[in-house]
Amino acid sequence: MHCRLHRFPLTKAVPLAISRGTTAAVEHLLIAIEHEGITGFGETGGFDSGHRSFSTDAVADELCALAPRLADRSPEPLQALEPLLAALSPPARCGLDLALHDWWGKRLGQPLGRLWGLDSAVSAPTSVTLGLGSVEAVLARLERWWAQLPATRIKLKLGSPDGLEHDRALVDAVATALQRRRAATGIATELQVDANGGWDLERARAMLGLLAERGVVLVEQPLPPQADPDADCAGFAALDLDCPMALVADESCWDLQDLLRLAPHVDGVNIKLLKSGGLAEALLMARTARRLGLAVMFGCYSDAALLNGAAAQLLPLVDWPDLDSHLNLVDDPFAGPVLEGDRLLPGRGPGLGVAVEGLAC
Ligand SMILES: [Mg+2]
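Residues numbered from 1 in each chain as written. Predicted model: local features only at pLDDT ≥ 70, side-chain atom pairs only at ≥ 80, totals over all residues. Heavy atoms only, no water.

A. The domain arrangement of the chain, seen in detail. Per the domain assignment, the segments making up the chain are domain 1 (2–110) and domain 2 (115–356). Distance between the C-alpha centres of domain 1 and domain 2: 22 Å. Contacts between the two partners involve 41 residues from domain 1, matched on the other side by 45 residues from domain 2. Roughly 3,500 Å² is buried in total at the junction of domain 1 and domain 2, and carbon and sulfur atoms are behind 68% of that figure. For the pair domain 1 and domain 2, the interface holds one salt bridge. A salt bridge links R20 to E251; its shortest N-O distance comes to 3.1 Å. On the surface where domain 1 and domain 2 come into contact, there are 16 residue pairs in polar contact (both at pLDDT 80 or more). When residues of the side of domain 1 that touches domain 2 are traced back to their parent elements, those giving at least two are strand 1 (2–18), strand 2 (21–35), strand 3 (38–45), strand 4 (47–48) and helix 3 (90–108). (Domains from an automatic or database assignment. Contact = heavy atoms within 4.5 Å. Buried area = accessible area lost by both parts, 1.4 Å probe. Salt bridge = Lys/Arg side-chain N within 4 Å of Asp/Glu carboxyl O. Polar contact = N/O pair within 3.5 Å; in protein donor to acceptor, adjacent residues only side chain to side chain. Helix = DSSP H or I, 4+ residues; strand = E, 2+ residues; numbered from the N terminus.)

In structure tokens form, the structure reads like this:
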């Protein structure tokens, strides 16, 4: 197969601030593999989870070094490429995994979800994200989302560098806005919070009561992820029994191995394609989580519609979709996943169901 790499910018309509910093724009990579007249596309890019980070430059270097080794290989069977994929970093593996799956689906003329036996009509509403900021700015962001889509699930970022008082003020203001909306329109809106590892144990415990009082249904990654797996599990275990709402691991949970070690201590996991290294591992994780009785969230970084369209192929397995990043881009070069109300559905078409529109390939 012939492999090409393109770099492209992604610019957010509204910059997103979380506990670790603010993102206004990123650079991502498009990987295209061509074989026997069929081209499969994958998207990837650098990201930072607090304890592990990858730069887009490093991911591009990895994929460029790999390209000559793909020249005499075929995209199928996928299993024959597993050793080569296993040696890559998660984001480099994700780019290639997506391109290989896209090629495979196009070769068979079917969307991936259909090849996996999934019901593409099943999709829960996606949450939309409110980043950190002043109370006024966060409420203005909420109104902007409501002007764009029904947004019946809100994910509020907490772990503010300004401290717990600011976190409390944000929860109060947003919960009150949701109550007002319900009183005025009858529309119930679910509130989720994500601390992105911005609390310690004491702060997390101090927040749980207020979160429960204000009807928050889940709290994501209260404590920073730890490189030591036992220490990481211990943090979730210390909160699990006291936590009145669903406790969800994100930055701590990258792959199936993480999921299995965290399973006794959490209620759900946030799976992201850049962390899992693509669709093969994400499918395994989603199916295993469900079998273990865990709820499944599917999340994103600053991803465009190719990554989120790939994730949309697995939405029938997802309880809490959180795939809103492409809805906040001004220069997304891809088209595919369909928004119906606030439910995301996979794009029509074979493979990932995503078209590359804004890039010369
Ligand atoms: Mg998260």
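B. Structural context of helix 7 (residues 201–213). Helix length check: helix 7, at 13 residues, gives a terminal C-alpha distance of 19 Å against a target of 18 Å (1.5 Å per residue), a fit within 8%. In the structure, helix 7 departs most strongly from a straight axis at M207, where the bend amounts to approximately 30 degrees. Turning to helix 7, its buried residues number three or more, namely A204, M207, L208, L210 and L211. Lining the buried residues of helix 7 we find helix 6 (164–185), strand 8 (190–194), strand 9 (218–220) and helix 8 (229–240). (Expected span 1.5 Å × (residues − 1). Bend = angle between axes of the 7 residues up to and from the residue. Buried < 20%, exposed > 50% of the residue type's maximum accessible area, 1.4 Å probe, protein only.)

C. Layout of the packing of helix 1 (residues 56–70) against helix 3. Where helix 1 contacts helix 3, the two axes come as close as 9 Å, and the packing angle between them is 50 degrees. The angle between helix 1 and helix 3 falls in the class oblique. At the point where helix 1 passes helix 3, the crossing takes the right-handed sense. Facing helix 1, whose interface residues are V59, E62, L63, L66 and L70, helix 3 presents P91, A92 and L96. For the contact of helix 1 with helix 3, the per-class residue count stands at seven nonpolar, no polar and one charged. (Axes fitted to C-alpha atoms, helices over the stretch in contact; angles between N-to-C directions. Parallel < 35°, antiparallel > 145°, perpendicular 65-115°, else oblique. Left-handed = near helix turned anticlockwise from the far one by under 90°. Nonpolar A, V, L, I, M, F, W, Y, C, P; charged D, E, K, R; others polar.)

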